[in-house]
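# Report on the structure
Listed below, chain by chain, are the residues.
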Amino acid sequence: MRGIQLTEHGGPEVLQCSELPDPQTDGKVLVEIKTAGINRRDALIREGAGPQYRPQLPLILGSDAAGIRRDTGEEVIIFPSLNWGDSDACAGPDFSIIGGPSDGTYAELIAVPEENLYPKPKRMAWAEAGALALSGVTAYRALFTVGQLQKGQTVVILGAGSGLSLLALQLAVKAGARVAVTSSNRDKINLATELGAVAGVDYTVDDWELTLRDEIGEADLVFDSVGSTLQESVMMLRPGGAVVAMGGTENGGVVSDFDIRTLYLTHKRVLGTAMGSPRDFAGLLDIVGDGSIDPVIDSVYPLDEAAEAHAQLDSNLRFGKLVLSTD
């Protein structure tokens, strides 16, 4: 099979397509991959950004994919959470994610446990299906399982442009929430309003959080995948509101000069979450099954142009998901 095997950490240029042995099934199901979504996690592993992003090499990158079961011919989406465990509160001690430490989806074939295969939504095209799982289950869990978002509430989503934030935007709008976004790019804010956002601000402007709070009122929930913006996120909340934190895309997520009094004196909360359980993924598929929500796709690249796709990922000049295709 053809695949992208990471043999050393570095920039996009380390991602080279080559002929690799077909995966051993060992009781798993072999899937012929049609499309594989690219996630920020893939770039962090490619770079070796920290101890948690340095699995043993060589490794085939990629957590998202959609394809065809070789045994039955069924069109499926691969759920990337392995061994979540029995509790919905958090993942268990044996939890891991496809694409590190186990081989991932940047290849023509993958062997995965049967319980990680779900029917592809019939109305969803291959590119969208291949980009859905990781961002979708993370957004669903953050908004509904952890954030307990309700119809009529106000939610602020930081960073209108990533696949995660755009899926969160669509899910929140469909749930009947008022949604505002942030971005440094006015075009991205305008595109987010086309997806249902009621407002947006430029986060490079001083006191942007106060500007947004003045415009839309206090938020019930702030969806924060940036991490270093925790103080601003807390400032936008109503008393009793919550920040749901699920990423650290800026400055490694390090928070400095946080005033804890802005949290406890107004009974605000910070809730951490990552990925999602099989129950979360089933809930996501229930919502998207009618065809009203699709991942926003920026570009689709052939598998052997993974390096070019990662260069675009690193540039942040995208709106939505980047996808690899094996066709």
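Notes on the structure follow. Here, residues in each chain are numbered from 1, in the same order as that chain's written sequence. Thresholds applied to this predicted model are a pLDDT of at least 70 for local features of residues and 80 or more for the giving and counting of side-chain atom pairs; totals over whole chains, interfaces and linings are not thresholded and use all residues. The side-chain quantities take in all heavy atoms of the structure and omit both hydrogens and water.

## Concerning the overall build of the protein chain
- Secondary structure assignment for the protein chain yields ten helices and 18 strands.
- Relative to the 2.2 N^0.38 estimate, which gives 20 Å for 327 residues, the radius of gyration of the protein chain is 19 Å and therefore close to what a compact globule would have.
- Taking the principal axes of its C-alpha atoms as reference, the protein chain extends roughly 55 × 40 × 40 Å.
- Each residue is placed in one exposure class: buried if its accessible area under a 1.4 Å probe, protein chains only, is under 20% of its type's maximum, exposed if it is over 50%, and partly exposed if it falls in between. Out of the 327 residues belonging to the protein chain, those deemed buried represent 54%.
- By definition in these notes, contact holds between two residues if any of their heavy atoms fall within 4.5 Å. The contacts in the protein chain between residues at least 6 apart in sequence include a share of 70% that link residues at least 24 apart.
- Computed by Shrake-Rupley with a 1.4 Å probe, the accessible areas treat only the displayed protein chains as cover when residues are assessed. Per element, the accessible surface of the protein chain, about 13,900 Å² overall, is 48% carbon and sulfur. Secondary structure follows DSSP: runs of H or I at least 4 residues long count as helices, runs of E at least 2 residues long count as strands, and numbering of each begins at the N terminus. Radius of gyration: C-alpha atoms only; globule rule: 2.2 Å multiplied by the number of residues to the exponent 0.38.

## Quick word on helix H9 (residues 278–288)
- Every buried residue of H9 is accounted for by Asp-280, Phe-281, Gly-283, Leu-284, Leu-285 and Val-288.
- Looking at the buried side of H9, the elements it contacts are strand E6 (75–78), strand E10 (117–119), helix H3 (133–146) and helix H4 (163–174).

## Side note on the sheet that holds strand E1 (residues 2–6)
- Any two strands between which DSSP finds at least two bridges are classified as paired. Ordered by their spatial adjacency, three strands build an open sheet running E2-E1-E4, and the pairing between neighbours is antiparallel. A strand with exactly one partner marks an edge of an open sheet, and here the two such strands are strand E2 (17–19) and strand E4 (59–60).
- Looking at chain direction, E1 and E4 are connected through two bridges and run antiparallel. Across the sheet, the residue bridging to Gln-5 is Ile-60, located in E4.

## Concerning a nonpolar patch on the surface
- In this scheme, patches are assembled from residues that exceed 30% relative accessible area and form no salt bridge. Like charges are connected within 9 Å, while nonpolar side chains (Val, Leu, Ile, Met, Phe, Trp, Tyr) are connected within 5 Å. Put simply, a salt bridge is a Lys or Arg side-chain nitrogen that is within 4 Å of an Asp or Glu carboxyl oxygen. Together, Ile-260, Tyr-264 and Leu-265 give the surface a local cluster of nonpolar side chains, amounting to about 330 Å² of exposed area.
- Here Leu-265 shows up in the loop between helix H8 (261–264) and strand E16 (269–272).
- Residue classification places Leu-265 among the exposed positions, given a relative accessible area of 57%.

## Remarks on the pattern of salt bridges
- Inspection of the entire model under this criterion finds 14 salt bridges.
- For Glu-32, the salt bridge is made with Arg-70, and the minimal N-O distance between the two is 2.9 Å. Of the two residues, Glu-32 sits in strand E3 (residues 29–38) while Arg-70 sits in the loop between strand E5 (66–69) and E6, which places them 38 residues apart along the sequence.
- Judged by relative accessible area, Glu-32 falls into the partly exposed class, the value being 30%.
- Notably, a salt bridge pairs Arg-46 with Asp-314, separated by 2.8 Å at the nearest N-O pair. Of this pair, Arg-46 sits in helix H1 (residues 40–47) while Asp-314 sits in helix H10 (residues 306–315), and the two are 268 residues apart along the sequence.
- With relative accessibility at 2%, the residue Arg-46 sits in the buried group.
- Shared partners join several salt bridges into a network, and the residues in it are Arg-46, Glu-47 and Asp-314.

## Some points on unusual backbone geometry
- Here Leu-57 and Pro-58 are connected by a cis peptide whose omega angle stands at 5°.
- Relative to the helices and strands, Pro-58 resides in the loop between H1 and E4.
- Residue Gly-100 is joined to Pro-101 through a cis peptide bond whose omega torsion reads 20°.
- Mapped onto the fold, Pro-101 is located in the loop between strand E8 (96–97) and strand E9 (109–112).
- A positive phi is found at Asp-26, a non-glycine position, where the angle reads about 50°.
- Along the chain, Asp-26 falls in the loop between E2 and E3.

## A short note on the sheet that holds strand E11 (residues 154–157)
- Read from one edge of the open sheet, six strands run E13-E12-E11-E14-E15-E16, paired in parallel fashion. Every other strand in the sheet has two partners, leaving strand E13 (199–202) and E16 as the edge strands with one partner each. Taken over all neighbouring pairs, the strand axes of this sheet differ in orientation by 20° on average, direction set aside.
- Strands in contact with H4 are E11, strand E12 (178–183) and strand E14 (219–224); relative to E11, the strand with the most contacts, it is inclined by about 170°. To get an axis, fit a line to the C-alpha atoms, keeping to the stretch in contact for a helix; angles then go from 0 to 180 degrees between the N-to-C directions.

## Considering the packing of H1 against H10
- Close contact between H1 and H10 brings their axes to 10 Å; oriented N to C, the two are set at 105°. On the basis of their axis angle, the class for H1 and H10 is roughly perpendicular. Across from Arg-40, Asp-42, Ala-43, Arg-46 and Glu-47 in H1, the residues of H10 making contact are His-310, Leu-313 and Asp-314. Oblique is the label for any angle not covered by the other classes, which are roughly parallel (under 35 degrees), roughly antiparallel (over 145) and roughly perpendicular (65 to 115).

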